[in-house]
Amino acid sequence: MESTELSQIITITEKAAQKVGEFMKQEGKDNLYLRVYVSGGGCSGLSYGMGFEEKAEEDDHIIEQNGVKVLIDGYSQRYLKGANIDYIESLMGAGFKINNPNVTKSCSCGHSFNTD
């Protein structure tokens, strides 16, 4: 388990952090970690995932920004370096958006990507 400066891996906007806090309250807990990860799948090869965890794993990097503790496993770190997590609200819907400078190809729906 390693603690790292967030700017070295990812950033999370204030709006996204606020939404994470709201979702934690809905879960009835305010001391959870937000896990952000990359897994194989989707039409472009890789997909993002997010979820709450109560504790960190041994290979996790723990990052804190805007009051949110983020966990990133060793595998996902290389794909997320320099990425930004935001929360978008529009007429078409609302949700988290990961802006990732490492992406070289993504599918039209925006849920999967590749870094070549």
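Summary of the structure given here.

Criteria and thresholds
Residues numbered from 1 in each chain as written. Predicted model: local features only at pLDDT ≥ 70, side-chain atom pairs only at ≥ 80, totals over all residues. Heavy atoms only, no water. Helix = DSSP H or I, 4+ residues; strand = E, 2+ residues; numbered from the N terminus. Buried < 20%, exposed > 50% of the residue type's maximum accessible area, 1.4 Å probe, protein only. Lys, Arg positive; Asp, Glu negative; His and termini not counted. Salt bridge = Lys/Arg side-chain N within 4 Å of Asp/Glu carboxyl O. Polar contact = N/O pair within 3.5 Å; in protein donor to acceptor, adjacent residues only side chain to side chain. Contact = heavy atoms within 4.5 Å.

**A closer look at the side chain of Asp86**
In this fold, Asp86 is placed in strand β7 (residues 83-90). Comment: no salt bridge for buried Asp86; closest opposite-charge side chain is Lys15, at 8.1 Å. A polar contact is formed between the side chain of Asp86 and the side chain of Thr13, at a distance of 2.8 Å. With sequence-adjacent residues up to four places away left out, Asp86 is seen in contact with Thr13, Lys15, Ala16, Gly95, Phe96, Lys97 and Asn99.

**So, the pattern of salt bridges**
Applying the stated rule across the entire model yields five salt bridges. As a salt-bridge pair, Glu53 and Arg35 come within 3.3 Å of each other at their nearest N and O atoms. Here Glu53 is found in strand β4 (residues 46-53), whereas its partner Arg35 is found in strand β3 (residues 33-40), with 18 residues between them in sequence. Judged by relative accessible area, Arg35 falls into the buried class, the value being 11%. A salt bridge links Arg35 to Asp60; the shortest N-O distance between them is 2.7 Å. Placement of the pair is Arg35 in strand β3 and Asp60 in the loop between β4 and β5 (61-65), with a sequence separation of 25 residues. Summarising the burial analysis for this pair, Arg35 and Asp60 share the class buried. Through salt bridges with shared partners, a single network forms among Arg35, Glu53 and Asp60.

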